[in-house]
Amino acid sequence: MNTLESLPVTLDAVLEAQKLLDGIITRTPVESSRALGATVGGDVFLKCENLQRAGSFKVRGAYVRMAKLSDAEKKRGVVAASAGNHAQGVAVAAKSLGIKARIYMPLGVALPKLAATRSHGAEVVLHGHNVDEALAEAKRYADESGAVFVHPFDDVDVVAGQGTVGLEILEQVPDVDTILMGVGGGGLLAGVAVAVKARAKELGRNIRIIGVQAENAAAYPPSLAADALVPLKKVSTMADGIAVGRPGQLPFSIIRELVDDVVTVSEDALARALIFLLERTKMVVEPAGAVGVAALMEGKIENPGTVAVVLSGGNIDPMLMLKVIQRGLSAAGRYMTVRMMLDDRPGSLATIARIIAENDANVTGLDHTRVGGSISMGDVSITVNLETKGHEHCSQVLAALRAEGFQPIVVH
């Protein structure tokens, strides 16, 4: 393993970034979670970067990068591309520094994120159908206009700025054993690893740093195994904040040396974690910010000890939140959709309603149709949405329906 001093980002760089950010960013709170602690058998603390300015940690790195520009560079302005958090971080930093900012966002960007970025004073240009296309256009504009391109993670100043999260965690949870956070391109994980590992070395301690990725957008495990960047052919996850198909070269060079592990979690685990944070901690967190909690709830971290989990952002589109909540309730056995074929005669539906009521489930929606390619004459298809109380309760309702001769098929 390389010495800490030989890495492209050092503790001194993170400390310098901390000075630049003094009075600019929010020193976000750390909240304990007894419910999570009971699950893992240790103390769990949540570092609430979802309460940061612009709703995520991204403003830290963006501000440090832009504050270190020369006067001539500041006059030329900055340009960036993002579908959400990086866009808002750059916009807020640019406004604080009096720099003109142009942000390229894909055409399908969520309206709340578009409105928030514009509200911070940035010029927003909609281009392309995904972030990669917006990114290519932003780079083209930078080459053409001379504006400074602000990369979301592959930059030494950005990584140093994100590392200030680690310094704060060490001050707020001095006895921390394990720190968890999501990883997309790797800027946050790399920066925190530099800061924490260097401080731990000074203290003669071992503090584990673990990254977490959505399993359908996990480029780091294969890249670390190959000791080279391995791009993904496809990325598909609700955690859009970490939906990065190729690790950043700079963060990767740090992560492979300092980070103890990178684990993955399923989409259902992400949904359950988001529901947990809403219900038990009253925190609005985007899926990318909930991956560390998902890893704990899934038992992916062995012997975690005292844990700090970075809730990296809270910028979630309400429509996405609705879908995630439904998926999370379904994954937890608290929401079930079943489809059945019935005889098209009076009383069949009443029998279904009776069975459901007797088993203390609640109907929240019903679709009743006689027409369809798979529906025979004299039959009717019904789809019932049920509010349930857990997996055992779901099994109870299904068993009761089958006992009466019905053949329910679970859709969700």
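Our structure's up above, just so we're on the same page.
Residues numbered from 1 in each chain as written. Predicted model: local features only at pLDDT ≥ 70, side-chain atom pairs only at ≥ 80, totals over all residues. Heavy atoms only, no water.

1. As for the nonpolar core
Across soluble globular proteins, you tend to see nonpolar side chains buried next to one another. Of all hydrophobic cores here, the largest spans 69 residues; its most connected members are Met66, Val78, Val90, Ile179 and Ile209. By residue number, the principal contributor to this core is helix α9 (residues 187-203), which donates ten residues. Core analysis: the second largest hydrophobic core is formed by 37 residues, Ala214, Ile242, Ala294 and Ile301 among them. (Core = buried A, V, L, I, M, F, W, Y, C linked by side-chain atoms within 4.5 Å. Buried < 20%, exposed > 50% of the residue type's maximum accessible area, 1.4 Å probe, protein only. Helix = DSSP H or I, 4+ residues; strand = E, 2+ residues; numbered from the N terminus.)

2. Observations concerning the packing of helix α1 (residues 11-21) against helix α3 (residues 58-67)
With their axes 10 Å apart at the nearest point, α1 and α3 run at an angle of 95 degrees to one another. One way to sum up the angle between α1 and α3 is to call them roughly perpendicular. Along its contact with α1, which presents Ala17, Leu20 and Leu21, the element α3 presents Arg60, Tyr63 and Val64. Looking at the contact of α1 with α3, its residues break down into five nonpolar, no polar and one charged. (Axes fitted to C-alpha atoms, helices over the stretch in contact; angles between N-to-C directions. Parallel < 35°, antiparallel > 145°, perpendicular 65-115°, else oblique. Contact = heavy atoms within 4.5 Å. Nonpolar A, V, L, I, M, F, W, Y, C, P; charged D, E, K, R; others polar.)

3. Considering the sheet that holds strand β8 (residues 208-214)
Sheet architecture is open: six strands sit in the order β1-β2-β10-β7-β8-β9, paired in mixed fashion. Each having just a single partner strand, β1 (30-32) and β9 (261-265) make up the two edges of the open sheet. On average, adjacent strands in this sheet sit at an angle of 25 degrees to one another, irrespective of strand direction. Where α9 meets the sheet, it contacts β7 (178-182), β8, β9 and β10 (307-311), and its direction lies at approximately 170 degrees from that of β8. Against the sheet, helix α12 (residues 267-281) makes contact with β2 (44-48), β8, β9 and β10, and its axis sits at roughly 90 degrees relative to β9, the strand it touches most. (Pairing = 2+ DSSP bridges.)

4. Here's the deal with the environment of Glu298
Locating Glu298 in the fold gives a position in the loop between α13 (291-297) and β10. You can call Glu298 partly exposed: its relative accessible area is 35%. Sequence separation of Glu298 and Leu258 is 40 residues, and the distance between their C-alpha atoms is 24 Å. Those residues in contact with Glu298 that sit more than four places away from it in its chain are Ala269 and Arg272.

5. Section: the sheet that holds strand β3 (residues 78-81)
Think of a sheet as strands paired side by side through backbone hydrogen bonds, with each pair either parallel or antiparallel. If you trace the four strands from one edge of the open sheet to the other, you get β5-β4-β3-β6, paired in parallel fashion. Sheet topology places β5 (123-126) and β6 (148-149) at the edges, where each strand pairs with a single neighbour. For β3 and strand β4 (residues 101-105), the ladder comprises four bridges, and the chain directions are parallel. Its bridge partner being in β4, Ala81 is matched across the sheet by Tyr104. Packing against the sheet, helix α5 (residues 85-97) makes contact with β3 and β4, and its axis sits at approximately 170 degrees to β4.

6. Let's talk about the pairing of β10
Both faces of the sheet carry side chains from a regular strand, because those side chains alternate between them. The buried fraction of β10 is high, at five of five residues. Here β10 shows a buried face lined by Val307, Val309 and Leu311 and a second buried face lined by Ala308 and Val310. Two strands pair when backbone bridges link them, and β2 and β10 are joined in this way by five bridges, in the parallel orientation. Bridge pairing links Leu46 to Val309 in β10. As paired strands, β7 and β10 are joined by three bridges and run parallel to one another. Note on β10: the bridge partner recorded for Leu180 is Val309.

7. Structural notes on the pattern of salt bridges
One side chain can pair with another of opposite charge once the charged atoms of both are near each other. Under the counting rule described, the total for this entry stands at 22 salt bridges. Of the charged contacts in the structure, one is a salt bridge between Arg60 and Glu168, with a shortest N-O distance of 3.0 Å. With a gap of 108 residues between them, Arg60 in helix α3 and Glu168 in helix α8 (residues 156-172) connect regions that are remote in the sequence. Exposure class is identical for Arg60 and Glu168. Each is buried. The residue Lys389 makes a salt bridge to Asp360 at a minimum N-O spacing of 2.3 Å. Residue Lys389 is found in the loop between β13 (379-387) and α16 (391-403), and its partner Asp360 is found in the loop between α15 (348-358) and β12 (362-369); the two are separated by 29 residues along the sequence. (Salt bridge = Lys/Arg side-chain N within 4 Å of Asp/Glu carboxyl O.)

8. Structural notes on helix α11 (residues 249-258)
Every α-helical turn comprises 3.6 residues, leaving residues that sit three or four positions apart pointing alike. Summarising burial for α11: eight of the ten residues are buried, a large majority. When α11 is considered as a whole, its buried residues turn out to be Leu250, Pro251, Phe252, Ser253, Ile254, Ile255, Glu257 and Leu258. The elements touched by buried residues of α11 are α8, α9 and α10 (220-226).

9. A look at the side chain of Glu267
Tracing the chain through its elements places Glu267 in helix α12. For the buried residue Glu267, which engages in no salt bridge, the nearest side chain bearing the opposite charge is Arg327, 5.0 Å off. A distance of 2.8 Å separates a polar atom in the side chain of Glu267 from a polar atom in the side chain of Thr237. Glu267 has contacts with Ala214, Asn216, Ser236, Thr237, Met238 and Arg327, leaving out every residue within four places of it along the chain. (Lys, Arg positive; Asp, Glu negative; His and termini not counted. Polar contact = N/O pair within 3.5 Å; in protein donor to acceptor, adjacent residues only side chain to side chain.)

10. Quick word on the packing of aromatic side chains
In this structure the tally under the stated criterion is two aromatic pairs. Where Tyr104 meets Tyr141, the ring centres are 6.1 Å apart and the plane angle is 55 degrees; that geometry is what we call tilted. You can see Tyr104 sitting in strand β4 and its partner Tyr141 sitting in helix α7 (residues 131-145), a full 37 residues away along the chain. Like Tyr104, the residue Tyr141 is buried in the burial classification. Residues Tyr220 and Phe252 carry aromatic rings whose centres are separated by 6.1 Å and whose planes lie at 35 degrees to one another, so their mutual orientation is tilted. Taken together, the residues Tyr220 in helix α10 and Phe252 in helix α11 connect sequence positions 32 residues apart. The two residues Tyr220 and Phe252 agree in class, both being buried. If you follow Arg102 out to its NZ or CZ, it ends over the ring of Tyr141, 4.1 Å from the centre. (Phe/Tyr/Trp six-rings, centres within 6.5 Å; stacked < 30°, edge-to-face > 60°. Lys NZ or Arg CZ within 6 Å of the ring centre and 35° of its normal.)

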